[in-house]
Amino acid sequence: GESVGLHLPTLSVQEGDNSIINCAYSNSASDYFIWYKQESGKGPQFIIDIRSNMDKRQGQRVTVLLNKTVKHLSLQIAATQPGDSAVYFCAVASGSARQLTFGSGTQLTVLP
Amino acid sequence: DAMVIQNPRYQVTQFGKPVTLSCSQTLNHNVMYWYQQKSSQAPKLLFHYYDKDFNNEADTPDNFQSRRPNTSFCFLDIRSPGLGDAAMYLCATSKGTGGQPQHFGDGTRLSIL
């Protein structure tokens, strides 16, 4: 089965700096990858996703990078703001599977 | 506009007293999921419906049941809640084909007295 791990359970960054959150997965057949942001007391909120036929995708202030060779996924947040403070989860899926396998989450804290 | 709505946001029940949590969606998605999330952990999938087809995860206790009377609504029934069932319960939906994002509600926080 799939296992998904985040490299650091906590990350602190200064406001205005860039943040990078990393995730590793085990199943080479995984072909769909997604990042969620979860604020305290709320459900996970979709940030950005990427499929295995791409290695980079950009959104508003966020970029996801996929390295299939080493089975590594990262989320980059530009000019981190206090409102970015939350727990970030990566999740992966394979083929037609409707289930996502979640990583354990990284708590991002933005320092003033 | 909330697209996946969970009620209530907070639920308190007594040990062993059945409880039902509800979820509704305005996305017309085929799939509805129920997750359990404990503090500082990732969401854990309990089961999901693809249309009316129920799919249970192998390690979901029998104490947890679900009903989906129509496309828009899905219920989580906990028949005899134990102290270990205190958690956040999240509902999510997706279009149903592989490689689609799941859209989450804000959850119901369940406390057991």
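A brief look at the structure comes next.

Conventions we followed
- Residues numbered from 1 in each chain as written.
- Chains lettered and ligands numbered in written order.
- Predicted model: local features only at pLDDT ≥ 70, side-chain atom pairs only at ≥ 80, totals over all residues.
- Heavy atoms only, no water.
- Contact = heavy atoms within 4.5 Å.
- Buried area = accessible area lost by both parts, 1.4 Å probe.
- Salt bridge = Lys/Arg side-chain N within 4 Å of Asp/Glu carboxyl O.
- Polar contact = N/O pair within 3.5 Å; in protein donor to acceptor, adjacent residues only side chain to side chain.
- Helix = DSSP H or I, 4+ residues; strand = E, 2+ residues; numbered from the N terminus.
- Nonpolar A, V, L, I, M, F, W, Y, C, P; charged D, E, K, R; others polar.
- Buried < 20%, exposed > 50% of the residue type's maximum accessible area, 1.4 Å probe, protein only.
- Pairing = 2+ DSSP bridges.

A look at the interface of chain A and chain B
With 21 residues of chain A at the contact, the number on the chain B side is 24 residues. In total, chain A and chain B occlude about 1,600 Å² of area from one another, counting both sides; carbon and sulfur atoms represent 54% of this. If you look at where chain A meets chain B, you find zero salt bridges. Taken together, chain A and chain B are joined by eight residue pairs in polar contact (both at pLDDT 80 or more). Of all the secondary structure elements, the ones that give two or more residues to the side of chain A that touches chain B are strand 4 (30–38) and strand 5 (45–51) of chain A. Considering every element that reaches the side of chain A that touches chain B, the biggest residue donor is strand 4 of chain A, with four residues. Its residues placed into classes, the side of chain A that touches chain B shows nine nonpolar, eight polar and four charged.

Quick notes on the pairing of strand 3 (residues 19–25) of chain B
All names here are of chain B. The element strand 3 is extensively covered by neighbouring structure, given that six of its seven residues are classed as buried. Two strands pair when backbone bridges link them, and strand 1 (residues 4–7) and strand 3 are joined in this way by four bridges, in the antiparallel orientation. Counterpart to I5 in the pairing with strand 3 is S24. Relative to strand 8 (residues 73–78), strand 3 runs antiparallel, the two being bridged by six bridges. In the strand pairing of strand 8, C23 is matched with C74.

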